[in-house]
Amino acid sequence: MTRRVCIYTYVLLSWVFIIVNLVTLCNLPPWIDEVMMLDTSYNAAVHGSWETTAWYRVVGQYPFSTYPPLYQMVATSWIWLFGGGLMTVRCMNLFFTFTLGGICIRLMKRHGLLQTAWTVALFTVLLWGTSEMAWMYRNGRPDILCALVSVLTVLVIDTYLSAKSTTTRIAVIVSSALLLCSGVQSAVYLLALWLFFFIVAKGRRGESIRLLVLLLTGIVLGLILVALFMLAHGRLVAFVCSIVQYSATLSSIVLAVLPWAGEVFGFNSVPYTQKLLELSTDSGIVGWLGSIAGYRSFTILAIVALVAYGIIYRNNLRNLLIDKGFIMLLCALYVPFVMMAAGRFLPYYRWMAFLPLLVAVTSIAARHRLWRNVFGGVAVLLTVFGIRSMLPDHQWNYKTIRSFVQRQHFKSSDNMVCPFSTFYEMKPVCDTCYFIGIFPTEFVGHVDYIIEAPYSDEFDQRITNYVNKLKTDTTVVLTAIDHCDHPSLTLYKVQTRNE
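Residues numbered from 1 in each chain as written. Predicted model: local features only at pLDDT ≥ 70, side-chain atom pairs only at ≥ 80, totals over all residues. Heavy atoms only, no water.

**Re the pattern of salt bridges**
Logical step 1: A complete count under the given rule lists 12 salt bridges for this structure.
Logical step 2: Measuring nitrogen to oxygen at the nearest pair gives 3.5 Å for the salt bridge that ties Asp414 to Lys411.
Logical step 3: Classification of Asp414 as buried rests on a relative accessible area of 4%.
Logical step 4: Judged by its relative accessible area of 48%, Lys411 is partly exposed. (Salt bridge = Lys/Arg side-chain N within 4 Å of Asp/Glu carboxyl O. Buried < 20%, exposed > 50% of the residue type's maximum accessible area, 1.4 Å probe, protein only.)

Now the structure itself:
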């Protein structure tokens, strides 16, 4: 297969999926994580301030984004260059996904795992078409950037292992540092991959140890850069605390150590332990299995791949253990468990297991026509469900929100309380939008209008609670001045009694 055919196949099929996404991106409502990540970027790009009114309070401080800032910095540049509308911002992740696929194909071709245009087509359809991957690249979270930097780091490591030089060593360190800056979970994932290949690559243990030194150097460098950034904004302690609370394993360790530390250093540890207990995630075996079983596309592909490898190597199991595709399949099955052991494996981390699985599937499809046809049929089936997941929900119409906002007479100086679904429409209209689905109400100042989403999720219920609280305040007058359906929104004007 020529390089040109490979490129044309990938680009053509990718553009088909990109067009489908451009037509349907508005069908996915803006949600809490998306708004939390992008509010800082929007403020930085438009107002020049690295601030947010869509984050939570950590260690009693005014809310500030404690996520490693690489994604938000890239998003800031994207919004500054192209604008901050829903379609424009979400196209950034489409671009990341396209680049991610290109790097994966380059890696697989380097190791002889792609042989025909049909194999490239299979990989491309599975990358873009499954509902779980589609959900990840269609919303504004940083996970696809994490996947992109992770695969780029693997490519750099692969280059280093084949040509050890000062340049490749530096490249490994730099890419590992960027990986930490894209997300702490990505650095954990990289170390999990290293551990896996350390176990399976018995004859290259010394080389693996030397690689680990480079990886840890880069990760520590990235951690220092992020820590300095947080320190410069007075949020270093908040950053450390946010890392602890998002790992069930770290939380368990800290919960065990805190009472002892309180006795030794003479402080009351009870408030800290109570807070950690409130925020801790379930890492039990039920949670582990539920997280994996809920990943339908992964489960189906993994079962078919296990059957395929079992049938092909049924008479020669020894060769099975040296098959690169089967090793990647084992890696895909290993990742969810080791990430859970590290403390967290949520739906938006599923790319970590899915990418190695794609390599395993593509590898066996490239060598066996029967299984190429089988996986082709599975890919078509999964893509049908994937595209169906992009279709509109009868309870949601983004045009309704756009029309609702545009018919109002808001001024840029108005202070708003908004649900997450209105993020992309309200941010260009009003300079101050409080998203109190996550932002603490004690930090909310004067409010001119409130948009309530009474039949939405638990986070928007906090707006309803805020409205009910104001209704009992004798110094405030709340007047409902507009309403819309699908989604249900109510606009309140807030005035004091003497106005």
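**Comments concerning the nonpolar core**
Logical step 1: Within the largest apolar cluster, 145 residues are counted, with the highest numbers of intra-cluster contacts made by Val335, Phe375 and Met416.
Logical step 2: Broken down by element, this core gets its largest block of residues, 12 residues, from helix H18 (residues 351–367).
Logical step 3: Those residues in contact with Val335 that sit more than four places away from it in its chain are Tyr189, Leu193, Phe345, Met352 and Ala353.
Logical step 4: Within the second largest apolar cluster, 15 residues are counted, among which are Tyr434, Val447, Tyr466 and Tyr492. (Core = buried A, V, L, I, M, F, W, Y, C linked by side-chain atoms within 4.5 Å. Helix = DSSP H or I, 4+ residues; strand = E, 2+ residues; numbered from the N terminus. Contact = heavy atoms within 4.5 Å.)

**Observations regarding the environment of Ile387**
Logical step 1: Inspection of the secondary structure assignment puts Ile387 in helix H19 (residues 369–388).
Logical step 2: Looking at Ile387, the relative accessible area reads 31%, which means it is partly exposed.
Logical step 3: Remark: the alpha-carbon pair of Ile387 and Ser131, spanning 256 residues in sequence, is separated by 7.1 Å.

**Looking at the packing of aromatic side chains**
We describe a pair of aromatic rings using the distance from one ring centre to the other and the angle between the two ring planes.
Logical step 1: Inspection of the entire model under this criterion finds 30 aromatic pairs.
Logical step 2: Centroid distance Trp31 to Tyr348: 6.5 Å. Interplanar angle 45 degrees. Geometry classified as tilted. With Trp31 in the loop between helix H1 (3–24) and helix H2 (32–47) and Tyr348 in the loop between helix H17 (324–342) and H18, the pair connects residues that are 317 residues apart, well separated along the chain.
Logical step 3: With a relative accessible area of 22%, Trp31 lands in the partly exposed category.
Logical step 4: A residue is classified by how much of its surface remains accessible, and Tyr348, at 11% relative accessible area, is buried.
Logical step 5: Here the aromatic residues Tyr42, Phe420, Phe423, Tyr424, Phe435 and Phe459 are joined through ring pairs into a cluster of three or more. (Phe/Tyr/Trp six-rings, centres within 6.5 Å; stacked < 30°, edge-to-face > 60°.)

**Looking at H1**
Logical step 1: Helix length check: H1, at 22 residues, gives a terminal C-alpha distance of 32 Å against a target of 32 Å (1.5 Å per residue), a fit within 8%.
Logical step 2: Buried residues of H1: Cys6, Thr9, Tyr10, Ser14, Phe17, Ile18, Asn21 and Thr24, and no others. Seen end-on, H1 carries its buried residues on one side only, within an arc spanning 155 degrees. Among the exposed residues of H1, those pointing more than 90 degrees away from its buried face are Arg4, Tyr8, Leu12 and Val23.
Logical step 3: At its buried positions, H1 is contacted by helix H4 (86–110), helix H5 (117–129), helix H6 (131–138) and H19. (Expected span 1.5 Å × (residues − 1). Arc of directions from axis to C-beta.)

**With respect to unusual backbone geometry**
Logical step 1: The omega angle of the peptide bond from His486 to Pro487 is 5 degrees, so this bond is cis rather than trans.
Logical step 2: Among the structural elements, Pro487 can be located in the loop between strand S4 (476–484) and strand S5 (489–496).
Logical step 3: Phi is positive for His486, which is not a glycine, with a value near 55 degrees.
Logical step 4: You can see His486 is positioned in the loop between S4 and S5.

**Structural notes on the pairing of S4**
Logical step 1: Relative to S5, S4 is paired through eight bridges, and the arrangement is antiparallel. Note on S5: the bridge partner recorded for Thr479 is Lys493.
Logical step 2: Adjacent in sequence and paired antiparallel, S4 and S5 are bridged by four residues, among which His486 carries a positive phi angle near 55 degrees. (Pairing = 2+ DSSP bridges.)

**Remarks on the side chain of Asn21**
Logical step 1: Considering the arrangement of structural elements, one finds Asn21 in helix H1.
Logical step 2: In terms of polar contacts, Asn21 uses its side chain to reach the backbone carbonyl oxygen of Phe17, at 2.7 Å.
Logical step 3: Discounting residues that sit within four places of it in the chain, Asn21 has contacts with Leu94, Trp128, Tyr137, Arg138 and Met390. (Polar contact = N/O pair within 3.5 Å; in protein donor to acceptor, adjacent residues only side chain to side chain.)

**Examining the sheet that holds strand S3 (residues 449–452)**
Logical step 1: Read from one edge of the open sheet, five strands run S2-S1-S3-S5-S4, paired in mixed fashion. In this open sheet, the two strands that pair with only one neighbour each are strand S2 (432–434) and S4. Across the sheet, the mean angle from the axis of one strand to that of its neighbour is 25 degrees, orientation sign disregarded.
Logical step 2: This element, helix H22 (residues 458–471), spans strand S1 (415–417), S3, S4 and S5 of the sheet and lies at about 135 degrees to S3. (Axes fitted to C-alpha atoms, helices over the stretch in contact; angles between N-to-C directions.)

**Some thoughts on the pairing of S3**
Along any regular strand the residues' side chains alternate between the sheet's two faces.
Logical step 1: The alternating pattern of S3 places Tyr449 and Ile451 on one face and Ile450 and Glu452 on the opposite face, and all of these are buried.
Logical step 2: Where S1 meets S3, two bridges bridge the pair, whose relative direction is parallel. Following the sheet pairing, Val417 is matched in S3 by Ile450.
Logical step 3: Sheet analysis places S3 next to S5, joined by four bridges and oriented antiparallel. Bridge pairing in S5 places Glu452 opposite Thr490.

Scope: geometric values only; no functional claims are made or implied.
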